[in-house]
Amino acid sequence: MGISAWIKEHIIHIIVLSLLFAFAYVLLSFNEGTMSYEAARVYVQALTGIATLALLYYAYFSAVSKKEEDVARLELAVRPILVWELYPKGRGAELFYKALKHPIYDLRLSMRIGQAERTIEERHLDVFESNPAAARRHDISDFIRQGLSQERMRILEMRFSYHSEVGGKYELCFTKEVLRQKGGFVFQHRKIVSAKYPWKEKSIVFTD
């Protein structure tokens, strides 16, 4: 654990300890006569205000953390797993995807390559284990050809968003290299760019 992470985890303890030292300093100075009553009173009021704000800060972030834990616990119990892949199909291309463990709702897939864009939407995607027919296959040959245009290789961007049974929203972004060859297309170097989960306020961005 780095220093910054340790400080963030123990910030409330650091603040409380600092306030106690400050209170002790004020009382000691007042008792020794180096600080007047009015000055001591002002310092004590200021420190009391800081302590109140610190406690409110701690209570707020504790509540946020508890909420994240509750949402994560609920979501993990019904978290769907989206499996997808791109395959060469003759001289064309096919997109395949399916839901594992739990069903997926309101699936939206946005694809972009070059100047070409395509969106696929599914209201409900059943669980593959119990319903193998729920797997989806889409011919995206024309879309890939349009996106590549005259280029031999381009990056395909794929953005998925969908909901779980309890309403949690998932957002995933991937990229994949698309190469044109004499016999058709080749898809390689799949990379996850970012992921947003229901129990996290911000997306997780993945870097090399």
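Because the structure is a prediction, the values reported are computed rather than measured.

## Remarks on the overall build of the chain
So, step 1. Looking only at helices and strands, the chain has 4 helices and 9 strands in total.
So, step 2. Ordered by position in the sequence, the α and β elements of the chain form the string α-α-α-β-β-β-β-β-α-β-β-β-β.
So, step 3. The buried share of the chain, taken over its 208 residues, is 32%.
So, step 4. Partitioning the contacts of the chain with sequence separation of at least 6, the portion at a separation of at least 24 is 53%.
So, step 5. Surface summary for the chain: the accessible area is close to 13,400 Å², and the carbon and sulfur share equals 57%.

## Focus: the sheet that holds strand β5 (residues 136-139)
So, step 1. A sheet is described by the order of its strands in space; here 3 strands give the open sequence β1-β2-β5, paired in antiparallel fashion. One side of each edge strand has no neighbouring strand; the edge strands of this open sheet are β1 (81-89) and β5. Each neighbouring strand pair of the sheet contributes to a mean axis angle of 20°, computed without reference to strand direction.

## A look at the side chain of E94
So, step 1. Residue position: E94 is located in strand β2 (residues 92-100).
So, step 2. Side-chain polar atoms of E94 contact the side chain of R137, separated by 3.0 Å.

## Quick notes on the environment of V186
So, step 1. Residue position: V186 is located in strand β8 (residues 184-196).
So, step 2. A C-alpha to C-alpha distance of 8.8 Å links V186 and A93, two positions 93 residues apart in sequence.
So, step 3. When residues no more than four places from it in sequence are discounted, the contact partners of V186 are E177, V178, L179 and Q181.

## Some remarks on the nonpolar core
So, step 1. L95, M111, I144, L156, M158 and F160 are the most contacted members of the largest nonpolar core, which has 32 residues in total.
So, step 2. Elements represented by at least two residues in this core include exactly β1, β2, β3 (104-113), β4 (116-125), α4 (141-148), β6 (153-163), β7 (169-181) and β8.
So, step 3. It is β3 that provides the largest number of residues to this core, a total of 5 residues.
So, step 4. If we ignore the near neighbours within four places in the chain, the residues touching M111 are L95, A116, E117, R118, I120, I140, F143, L156, E157 and M158.
So, step 5. With 5 residues, the next largest nonpolar core counts L19, V26, A40 and L47 among its residues.

## Looking at α4
So, step 1. Residues S141, F143, I144, G147 and L148 constitute the buried set of α4. One side of α4 carries all its buried residues, which in axial view fall inside an arc of 165°. Facing away from the buried side of α4, by more than 90 degrees, are the exposed residues D142 and Q146.
So, step 2. Just past α4, the residue S149 takes up positive phi, approximately 55°.

## Quick look at unusual backbone geometry
So, step 1. Phi angles above zero are rare outside glycine, and K101 is one such case at about 70°.
So, step 2. The residue K101 is located in the loop between β2 and β3 in this model.
So, step 3. Judged by relative accessible area, K101 falls into the exposed class, the value being 55%.
So, step 4. Of note, H189 is a non-glycine position whose phi angle comes to about 55°, a positive value.
So, step 5. As for its position among the elements, H189 is in strand β8.
So, step 6. Of the residues examined, H189 reaches a relative accessible area of 55% and is grouped as exposed.

## Focus: the pattern of salt bridges
So, step 1. A complete count under the given rule lists 11 salt bridges for this structure.
So, step 2. E85 serves as the salt-bridge partner of R190, at 3.6 Å between the closest nitrogen and oxygen. Here R190 is found in strand β8, whereas its partner E85 is found in strand β1, with 105 residues between them in sequence.
So, step 3. A relative accessible area of 39% means that R190 is categorised as partly exposed.
So, step 4. With a closest N to O distance of 3.1 Å, R136 and E122 form a salt bridge. Separated by 14 residues along the polypeptide, R136 in strand β5 and E122 in strand β4 bring together distant segments of the chain.

Basis of the calculations
Residues numbered from 1 in each chain as written. Predicted model: local features only at pLDDT ≥ 70, side-chain atom pairs only at ≥ 80, totals over all residues. Heavy atoms only, no water. Helix = DSSP H or I, 4+ residues; strand = E, 2+ residues; numbered from the N terminus. Buried < 20%, exposed > 50% of the residue type's maximum accessible area, 1.4 Å probe, protein only. Contact = heavy atoms within 4.5 Å. Areas by Shrake-Rupley, 256 points an atom, 1.4 Å probe, with all protein chains shown as cover. Pairing = 2+ DSSP bridges. Axes fitted to C-alpha atoms, helices over the stretch in contact; angles between N-to-C directions. Polar contact = N/O pair within 3.5 Å; in protein donor to acceptor, adjacent residues only side chain to side chain. Core = buried A, V, L, I, M, F, W, Y, C linked by side-chain atoms within 4.5 Å. Arc of directions from axis to C-beta. Salt bridge = Lys/Arg side-chain N within 4 Å of Asp/Glu carboxyl O.

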